[in-house]
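Overview (structure and organization)
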Amino acid sequence: MFAIVEIAGLQYKVEQDQKLFVNRLKGDKGGKVSFDKVLLTVNGSITVGAPAVNGITVEAEILDHVKADKVIVFKKKRRKGYKVKNGHRQSLTQIVITGITGFEGGAKKATAKKETVKGEVLSDNATVNFGEDHELNYHLKKNNLSQSKENRETLITLGKAVKVELEKNILTHEEVDAAIIKNIDQFKALNK
């Protein structure tokens with residue numbers, strides 16, 4: 001079980017009881033911190049966030065505040081007498097990951113998002129999103145109907161009725177096309 005989490009602007013792959021150095025964090029030595037911007041989790045199955053996975057948090061404990069090794073920055077322009085030498089030590093915080101929590105809630109949300117039909121998982125490309133005008137326009141144009149606002153609203157109400165009739169939360173493109181053909185007389189004007 002691991003997660004990819006964003007900590008202080010950088011992404012890290014973290015596991016339980018892992019120690020790592022991150023950019024300086026606020027907090028005292030021995031303090032607890034949590035990070036909720038988890039981008040990906042692997043716990044038997046892979047869950048990818050868009051942009052973050054909901055309900056998952058990474059808990060950590062601050063072990064120490066330290067400075068990294070010195071980096072020398074040297075600039076020179078030949079034949080000009082220009083030389084500049086600087087040094088830099090990055091401020092870091094050493095943390096230990098104490099746990100990754102929230103998998104119960106995250107798993108329920110992930111399974112509720114996709115509905116299965118005869119044992120198959122429907123992808124986002126196979127289903128119709130009634131909140132997107134371009135998907136509604138596609139189905140109207142496919143059936144030689146005007147892409148007017150009234151026809152889009154008619155298609156949305158028709159989609160709600162079909163969802164109740166079929167007892168589904170998500171409709172496929174084929175089901176929407178069949179509903180349009182069955183109720184073609186409800187749409188206002190053809191081929192404007």
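Residues numbered from 1 in each chain as written. Predicted model: local features only at pLDDT ≥ 70, side-chain atom pairs only at ≥ 80, totals over all residues. Heavy atoms only, no water.

On a plain count of helices and strands, the protein comes out with 4 helices and 12 strands. Among the 192 residues that make up the protein, the fraction classed as buried is 33%. Residue pairs in contact within the protein that sit at least 24 positions apart in sequence constitute 63% of those at least 6 positions apart. (Helix = DSSP H or I, 4+ residues; strand = E, 2+ residues; numbered from the N terminus. Buried < 20%, exposed > 50% of the residue type's maximum accessible area, 1.4 Å probe, protein only. Contact = heavy atoms within 4.5 Å.)

Together, Arg-24, Lys-67, Lys-70, Lys-85 and Arg-89 line one region of the surface with positive charge. Topologically, Arg-24 is positioned in the loop between strand S3 (19-23) and strand S4 (32-35). What makes Arg-24 partly exposed here is its relative accessible area of 40%. (Patch = residues over 30% accessible without salt bridge, like charges linked within 9 Å, V, L, I, M, F, W, Y side chains within 5 Å. Areas by Shrake-Rupley, 256 points an atom, 1.4 Å probe, with all protein chains shown as cover. Salt bridge = Lys/Arg side-chain N within 4 Å of Asp/Glu carboxyl O. Lys, Arg positive; Asp, Glu negative; His and termini not counted. Charge placed at Lys NZ, Arg CZ, Asp CG, Glu CD.)

In this structure, Phe-2 sits in strand S1 (residues 2-7). Along the backbone, Phe-2 and Val-42 are 40 residues apart, and their C-alpha atoms lie at a distance of 5.5 Å. Here Phe-2 is in contact with Lys-13, Val-14, Glu-15, Leu-40, Thr-41, Val-42 and Ile-100, once residues within four sequence places are set aside.

This part is about the environment of Glu-150. Tracing the sequence through the fold places Glu-150 in helix H3 (residues 149-166). As a C-alpha pair, Glu-150 and Phe-187 span 37 residues in sequence and 8.1 Å in three-dimensional space.

Strand order in this open sheet of 4 strands is S3-S10-S7-S4, and the pairing throughout is antiparallel. Taken across any chain shown, the strands that pair with only one partner, and hence form the sheet edges, are S3 and S4. This sheet shows a mean twist of 45° between the axes of neighbouring strands, independent of strand direction. With 4 bridges connecting them, S4 and strand S7 (residues 57-67) associate as antiparallel partners. Following the sheet pairing, Lys-32 is matched in S7 by Glu-61. (Pairing = 2+ DSSP bridges. Axes fitted to C-alpha atoms, helices over the stretch in contact; angles between N-to-C directions.)

Attention now goes to the sheet that holds strand S6 (residues 46-48). Overall, antiparallel pairing links the 4 strands, which are arranged S2-S1-S5-S6 in an open sheet. Each of the sheet's edge strands pairs with one partner strand only, and the pair in question is strand S2 (10-14) and S6. Taking each pair of neighbouring strands and ignoring which way they run, the sheet shows an average axis angle of 15°. Sheet analysis places S1 next to strand S5 (residues 38-42), joined by 4 bridges and oriented antiparallel. Among the inter-strand pairings, Ile-4 is bridged to a residue of S5, identified as Leu-40.

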